Amino acid sequence: MLEQYKEVLTVKDLYEILPLGKNAIYDLIKSNKIKHIRVGAKIIIPKQYLIDYLKSA
């Protein structure tokens, strides 16, 4: 399922992967349910963090 994506995902990638709206994805990030890393204003998500979230959901 995630093989086509790089090891580091963007929020835009999450839009494509998860069947959720933009606000719901940002809520998951803000609440740290999907762990992430901020680089300046940019949010990046290592693929393993998304896998961990999917396993826990």
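Just so it is clear, the model here is predicted, and its values are computed rather than measured.

> I tried to follow the overall build of the protein chain on my own but got confused; where do I start?
Each helix and strand in the protein chain was counted, giving three helices and three strands. Listing the helices and strands of the protein chain from first to last along the sequence gives β-α-α-β-β-α. Taken against the 2.2 N^0.38 rule, which gives 10 Å for 57 residues, the C-alpha radius of gyration of the protein chain at 10 Å falls within 12% of a compact globule. By its C-alpha atoms, the protein chain is 25 × 20 × 20 Å across when sized along the principal axes. The buried share of the protein chain, reckoned over its 57 residues, is 33%. Counted over contacts in the protein chain with a minimum sequence separation of 6, partners at least 24 positions apart contribute 44%. Computing the positive centroid from 10 side-chain charges and the negative centroid from 6, the protein chain places the two 7 Å apart.

> Whenever I open this one, unusual backbone geometry confuses me. Can you help?
Peptide bonds are trans in most cases, and residues, glycine excluded, mostly fall at negative phi. Positive phi, close to 65 degrees, is recorded for Asn32, a residue that is not glycine. Owing to a relative accessible area of 44%, Asn32 belongs among the partly exposed residues under this scheme.

> When you look at the nonpolar core in this model, what are you seeing that I'm missing?
General note: in soluble globular proteins, nonpolar side chains tend to be found buried as a group. Counting 15 residues, the largest nonpolar core has Leu9, Leu14, Ile17, Ile34, Ile45 and Leu50 as its most contacted members. Of all the elements in the fold, those that place two or more residues in this core are helix H1 (11-17), helix H2 (22-30), strand S3 (42-46) and helix H3 (47-56).

> Sorry if this is basic, but what is going on with the sheet that holds S3 here?
If you walk across this open sheet you meet the three strands as S1-S3-S2, and the pairing is antiparallel. Because the sheet does not close on itself, it has two edges, and the strands there are strand S1 (8-10) and strand S2 (37-39). In this sheet, neighbouring strand axes are inclined to one another by 40 degrees on average, regardless of whether the strands run parallel or antiparallel. As paired strands, S1 and S3 are joined by three bridges and run antiparallel to one another. Its bridge partner lying in S3, Leu9 is registered against Ile45. Across the sheet, H3 lies against S1, S2 and S3, angled at about 70 degrees from S3, the strand it touches most.

So, how was this worked out
- By convention here, each chain's residues receive numbers from 1 onward along its written sequence.
- Thresholds applied to this predicted model are a pLDDT of at least 70 for local features of residues and 80 or more for the giving and counting of side-chain atom pairs; totals over whole chains, interfaces and linings are not thresholded and use all residues.
- The basis for every side-chain value is the complete set of heavy atoms in the structure, and neither hydrogens nor water enter the calculation.
- Note on conventions: DSSP H or I runs of at least 4 residues are helices, E runs of at least 2 residues are strands, and numbering of each starts at the N terminus.
- For this measure, only C-alpha atoms enter the radius of gyration; the expected value for a globule follows 2.2 Å times N^0.38, where N is the number of residues.
- When accessible area is computed with a 1.4 Å probe and restricted to protein chains, residues below 20% of their type maximum are described as buried, those above 50% as exposed, and intermediate ones as partly exposed.
- Contact between two residues is taken to exist if any of their heavy atoms lie within 4.5 Å; hydrogens are not considered.
- Asp and Glu count as negative and Lys and Arg as positive, but His and the ends of the chain are not part of the count.
- Every charge is mapped onto a representative atom, which is NZ of Lys, CZ of Arg, CG of Asp or CD of Glu.
- The set of buried Ala, Val, Leu, Ile, Met, Phe, Trp, Tyr and Cys residues whose side-chain atoms join them within 4.5 Å is what this entry labels a nonpolar core.
- By the convention used here, strands pair only if DSSP detects at least 2 bridges between them.
- Between the N-to-C directions of two axes lies an angle of 0 to 180 degrees, each axis being a line fitted to C-alpha atoms and, for a helix, fitted only over the stretch in contact.

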